[in-house]
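Here's the letter readout for the chains.
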Amino acid sequence: MDFLNLLARLADLDSTTAAPQLAAPRRAALGRLGQAGTALLPGLLLSALSQPATAGTLDTRTRLDVLVLVRQLAALGNELHSRALGLVAGYPALPLTATEKAGIQVIQQQEAQRVTLFSQLITDGGATLPTTPRYDFTGSKNSAQTALYPDIQTNPATYLLVAQVVKDVAVRVYKSQVDFVRADAYLTETLLRSHSAEARHASHLRTLRRQRGVAVKSWVSPDDAPVPATSPAIAKVYEGESGFIQTYNASDASGQGGALVSVPFDSTLPINVATPPLSAEAILRKVAEAFDEPADAIVATNVAALFTY
Amino acid sequence: MSNIKQNASEEAEFAKPLYTPIKRRSFFMYAGATAGATALLLSGCDDDDNEIVTPNGTVNLGSGDVGVLNYAYALEQLEAAFYAQVKATPAADFSTLEKDYFSQVAAHEAIHRDFFKAAINRDAPGQIIPGLTPIFTSIDFTKRASVLATAKTFEDLGVAAYNGAGKYLKTPAYLVIAGQIVSVEARHAAYVRDLISPGSFADDSIIDANGLDKAMEPVDVVTAAQSFIKEKLDASRVGK
């Protein structure tokens, strides 16, 4: 951790008008974590300072923020799948095939397991769990507005579409969140392991949709049938996912500096995967498939907000 | 001008008595440095940290972030070579759809391999491991079951490898790019598993009671992959 970095980071915070009412609960939560005096504490306090400064962004999340976010996503998924399976009173099971049902049960159970894990990590750290939100997966906010998915509790196709979107956005957002917990090897590995489990789920849900005749691959592809943009939040889930150009920072070992360098997949790299050789355009479409893109937390929280009230 | 010259020479004269002790001191400095250099040389002979390929044919993946990148590059080489073979000699009992899907996966893995090659060559010139020689004699490429079983092994292993190596990466950009790749590997893994047995995309052989996927340490991954690679891989310093 270098001092200049810290200064840059503080300058970042100063130069923006962060809502103070948002910062206060976070500080209070940090305070509670401090009182608890658990093993989570030193890393948690350090993690706020030890991340490299990113010019122009205010997404300076603590480990608590990250845990609350991934718990929120797991809880939302758990409820979505539980209702589809008929496990929640008042929500009859969707007419899914036996095979579909078996796979969704696996997903639902693993969501529930992760809610338990993340809840425990939060409370072990001395913080309190957020209150359980009320869900409405039609997107009508309990009939306060026009439903986005009016038949989600009766039509498996609608349910599977929403399930895919929720999983794909989680896969994107995990990638950006790991960076905020890097100071903690346990949490880094826990998030990565949760992230790849999410990607397995997303793949399976896509396979189920394909088996129902939807033009969708098990991985995110420019060839997928577009997901209807029922709201701006849904449109954001796949925005930028068809990145044809992959870049990386030519950083030094300390992670500092370095311009973005794009990898010349279409020109100089010998990707001999087809006979006759693929066109440059075709190669770039494969590049888009070969990498899932990261997204900021807000992309997922906006999707979650559609289904909570 | 002359004044300055004179001053310079005066300074030189003035400094003279000090000159010898300084020289003696610097001699000791050099002596120390030489001793250090010799020690380095000896340690270089003792273990093979600085050599990518040792005389006995072991490929050293290296240390630190470069070690992790080389490790990922080695695994992507293995996967790319496997799927290239699957594509070149598809199993007779593959469906047209499966054939098409595996040619797509083959492209993804070749792209991952080439991405790491480009990244390592640019960020750590001279430290990239060579192209590895795969050993696929245990795989019957003519049989769907054999190909699927191997694909499952490789994809699950790749996911566990990335999950276990992330904590060793010090450069944030590398952690993000590893995340961008591992989720595609996990999507492949789930796809292949569902082909073998529908619904096995995330069964309890890979997902634990906390709902978490597997993570493996580099040395364990290399041990599991070694029988498919001719060169002996040394992952003992990866990320360290």
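Here the structure is a predicted model, which means the values were calculated and not measured. (Residues numbered from 1 in each chain as written. Chains lettered and ligands numbered in written order. Predicted model: local features only at pLDDT ≥ 70, side-chain atom pairs only at ≥ 80, totals over all residues. Heavy atoms only, no water.)

Peer 1: Which parts of the structure should I look at to understand the overall build of chain B?
Peer 2: Of regular secondary structure, chain B possesses six helices and two strands. Counting from the amino terminus, chain B carries its helices and strands in the arrangement α-β-α-α-α-α-α-β. For chain B, contacts bridging at least 24 residues in sequence account for 77% of all contacts bridging at least 6. Of the roughly 11300 Å² that chain B leaves accessible, carbon and sulfur atoms contribute 60%. (Helix = DSSP H or I, 4+ residues; strand = E, 2+ residues; numbered from the N terminus. Contact = heavy atoms within 4.5 Å. Areas by Shrake-Rupley, 256 points an atom, 1.4 Å probe, with all protein chains shown as cover.)

Peer 1: Please explain the interface of chain B and chain A as it appears in this structure.
Peer 2: Quite often, the size of an interface is put as the accessible area lost when its parts meet. With 61 residues of chain B at the contact, the number on the chain A side is 68 residues. Summed over both partners, the interface of chain B with chain A buries about 5100 Å², with 62% contributed by carbon and sulfur atoms. For the pair chain B and chain A, the number of links is six salt bridges. Among the salt bridges present, the one from Arg-200 of chain A reaches Asp-156 of chain B, with a minimum N-O distance of 2.9 Å. (Buried area = accessible area lost by both parts, 1.4 Å probe. Salt bridge = Lys/Arg side-chain N within 4 Å of Asp/Glu carboxyl O.)

Peer 1: Would you mind going over the nonpolar core with me for this structure?
Peer 2: Note that soluble globular proteins tend to have their nonpolar side chains buried in a common cluster. Formed by 84 residues in total, the largest nonpolar core has its most connected members in Leu-61, Tyr-71, Phe-82 and Phe-116 of chain B. Top contributing element to this core by residue count: helix H2 (residues 64–88) of chain B, with eleven residues. Those residues in contact with Phe-116 of chain B, other than ones at most four positions away along the chain, are Leu-69, Ala-72, Tyr-73, Glu-76, Tyr-162 and Ile-181 of chain B. The next biggest cluster of nonpolar side chains, apart from the first, holds 47 residues, and it includes Leu-94, Ile-107, Tyr-135 and Val-173 of chain A. (Core = buried A, V, L, I, M, F, W, Y, C linked by side-chain atoms within 4.5 Å. Buried < 20%, exposed > 50% of the residue type's maximum accessible area, 1.4 Å probe, protein only.)

Peer 1: Would you mind going over the pattern of salt bridges with me for this structure?
Peer 2: Note that side chains of opposite charge can pair when their charged atoms are close. Enumeration over the complete set of coordinates arrives at 26 salt bridges over all chains. Put simply, Arg-187 of chain B and Asp-168 of chain A hold a salt bridge, and the shortest N to O gap is 3.1 Å. With Arg-187 of chain B in helix H5 (residues 172–196) and Asp-168 of chain A in helix H6 (residues 156–177), this pair bridges two chains. Taken as a pair, Arg-187 of chain B and Asp-168 of chain A share a single burial class, namely buried. Between Asp-208 of chain B and Arg-193 of chain A there is a salt bridge, and its shortest N-O distance comes to 3.0 Å. Residue Asp-208 of chain B is located in the loop between H5 and helix H6 (218–225), and its partner Arg-193 of chain A is located in helix H7 (residues 185–211); the two belong to separate chains. The exposure class of Asp-208 of chain B is partly exposed, given its relative accessible area of 29%. One salt-bridge network, in which partners are shared between bridges, spans Asp-168, Arg-206, Asp-224 and Asp-292 of chain A together with Arg-187 of chain B.

Peer 1: I tried to follow the packing of aromatic side chains on my own but got confused; where do I start?
Peer 2: Between two aromatic rings, the relevant description is the distance of the centres plus the angle of the planes. Overall, the coordinates contain 17 aromatic pairs over all chains when judged by the stated rule. Relative to Phe-307 of chain A, the ring of Tyr-149 of chain A lies with its centre 6.2 Å away and its plane at 40°, an arrangement referred to as tilted. Taken together, the residues span a long stretch of sequence, with Tyr-149 of chain A in the loop between helix H5 (98–124) and H6 and Phe-307 of chain A in the segment after helix H10 (297–306) at a distance of 158 residues. Per residue, the accessibility class of Tyr-149 of chain A equals that of Phe-307 of chain A, and both read buried. Members of the aromatic cluster, each reached through a chain of ring pairs, are Trp-219 of chain A together with Phe-82, Tyr-83, Phe-94, Tyr-101, Phe-102, Phe-136, Phe-141, Phe-154, Tyr-191 and Phe-228 of chain B. (Phe/Tyr/Trp six-rings, centres within 6.5 Å; stacked < 30°, edge-to-face > 60°.)

Peer 1: Explanation requested: the packing of H6 of chain A against H5 of chain B in the structure shown.
Peer 2: Two quantities define a packed helix pair, namely the angle between the helix axes and the distance between the axes. Two elements in contact, H6 of chain A and H5 of chain B, have axes whose closest approach is 9 Å; the angle formed by their N-to-C orientations is 150°. One way to sum up the angle between H6 of chain A and H5 of chain B is to call them roughly antiparallel. Crossing handedness for the pair H6 of chain A and H5 of chain B: right-handed. Each of Asp-168, Val-171 and Lys-175 of chain A in H6 of chain A lies in contact with H5 of chain B, whose residues at this interface are Val-176, Gly-179, Gln-180, Ser-183 and Arg-187 of chain B. Class assignment for the residues of the contact of H6 of chain A with H5 of chain B results in two nonpolar, three polar and three charged. (Axes fitted to C-alpha atoms, helices over the stretch in contact; angles between N-to-C directions. Parallel < 35°, antiparallel > 145°, perpendicular 65-115°, else oblique. Left-handed = near helix turned anticlockwise from the far one by under 90°. Nonpolar A, V, L, I, M, F, W, Y, C, P; charged D, E, K, R; others polar.)

Peer 1: What is the right way to read H7 of chain A from this model?
Peer 2: For an α-helix, the turn length of 3.6 residues means that residues three or four places apart are oriented alike. Residues and elements named next belong to chain A. The end-to-end C-alpha distance of H7 is 39 Å, a good match for the 39 Å that 27 residues give at a rise of 1.5 Å each. For H7, a buried count of 24 out of 27 residues is recorded, marking the element as mostly surrounded by other parts of the structure. For H7, the N-terminal cap is Asp-184; the gap from its side-chain oxygen to the backbone nitrogen of Tyr-186 is 2.9 Å. (Expected span 1.5 Å × (residues − 1). Polar contact = N/O pair within 3.5 Å; in protein donor to acceptor, adjacent residues only side chain to side chain.)

Peer 1: Could you clarify how one ought to interpret the side chain of Asn-70 of chain B in this entry?
Peer 2: As for its position among the elements, Asn-70 of chain B is in helix H2. Look past the residues within four positions of Asn-70 of chain B in its chain and what remains in contact with it is Leu-61, Ile-120, Gln-127, Ile-128 and Ile-129 of chain B.

Peer 1: Explain empty space enclosed by the protein to me, please; I cannot follow it from the model alone.
Peer 2: Rolled over the atoms, a probe with the dimensions of a water molecule shows which regions are left empty. All names here are of chain B. In total, this model carries three cavities of 30 Å³ or more according to the counting rule given. Approximately 100 Å³ is the volume found for the largest cavity. In terms of lining residues, the largest cavity is bounded by 14 residues, among which Val-68, Ala-72, Tyr-162, Ala-165 and Ala-178 are the most central. At the level of elements, H2, helix H4 (144–165) and H5 are the ones that each hand at least two residues to the lining of the largest cavity. It is H2 that contributes the most residues to the lining of the largest cavity, five residues altogether. Of the residues assigned to the lining of the largest cavity, the class counts are 13 nonpolar, one polar and no charged. The space that makes up the second largest cavity amounts to roughly 40 Å³. Every residue along the wall of the second largest cavity is listed here: Leu-61, Tyr-71, Ala-74, Leu-75, Val-222, Ala-225, Ile-229 and Leu-233. The greatest single-element share of the lining of the second largest cavity, amounting to three residues, is contributed by H2. (1 Å grid on protein atoms, 1.4 Å probe; cavity = no way out; pocket = protein on both sides within 12 Å on 5 of 7 lines; lining within 4 Å. Points joined across faces, edges and corners; volume = space filled by probe spheres on them.)

Peer 1: Teacher, can you tell me more about the confidence of the model for chain A here?
Peer 2: In low-pLDDT regions, the fine details of the predicted coordinates are not to be read closely. Residues and elements named next belong to chain A. Mean pLDDT over chain A stands at 79; residues scoring 70 or higher make up 69%. Taken as a whole, residues 1–57 scores under 50 in pLDDT and shows 65 contacts with residues more than four places along the chain or in a different chain. Here residues 250–257 is modelled with pLDDT under 50, and outside its nearest four sequence neighbours on either side it reaches 20 contacts, counting other chains as well. (pLDDT = per-residue confidence, 0-100.)

Peer 1: How should the packing of H5 of chain A against H6 of chain A be read in this particular structure?
Peer 2: Residues and elements named next belong to chain A. Direction vectors running N to C along H5 and H6 enclose 40°, while the axes themselves pass 14 Å from each other. The angle between H5 and H6 falls in the class oblique. Considering only the axes of H5 and H6, their crossing is left-handed. Along its contact with H5, which presents Glu-100, Ile-104, Ile-107, Glu-111, Arg-114 and Phe-118, the element H6 presents Tyr-159, Leu-160, Lys-167 and Tyr-174. Taken together, the residues of the contact of H5 with H6 break down into six nonpolar, no polar and four charged.

Peer 1: What should I look at first to understand the environment of Ser-194 of chain A in this one?
Peer 2: By the secondary structure assignment, Ser-194 of chain A is in helix H7. Given the relative accessible area of 0%, Ser-194 of chain A is considered buried. Sequence spacing of Ser-194 of chain A and Ala-74 of chain A is 120 residues, and the spatial spacing of their C-alpha atoms is 9.9 Å. Contacts of Ser-194 of chain A, omitting those with residues within four sequence positions, involve Arg-114, Phe-118 and Tyr-174 of chain A together with Leu-212 of chain B.

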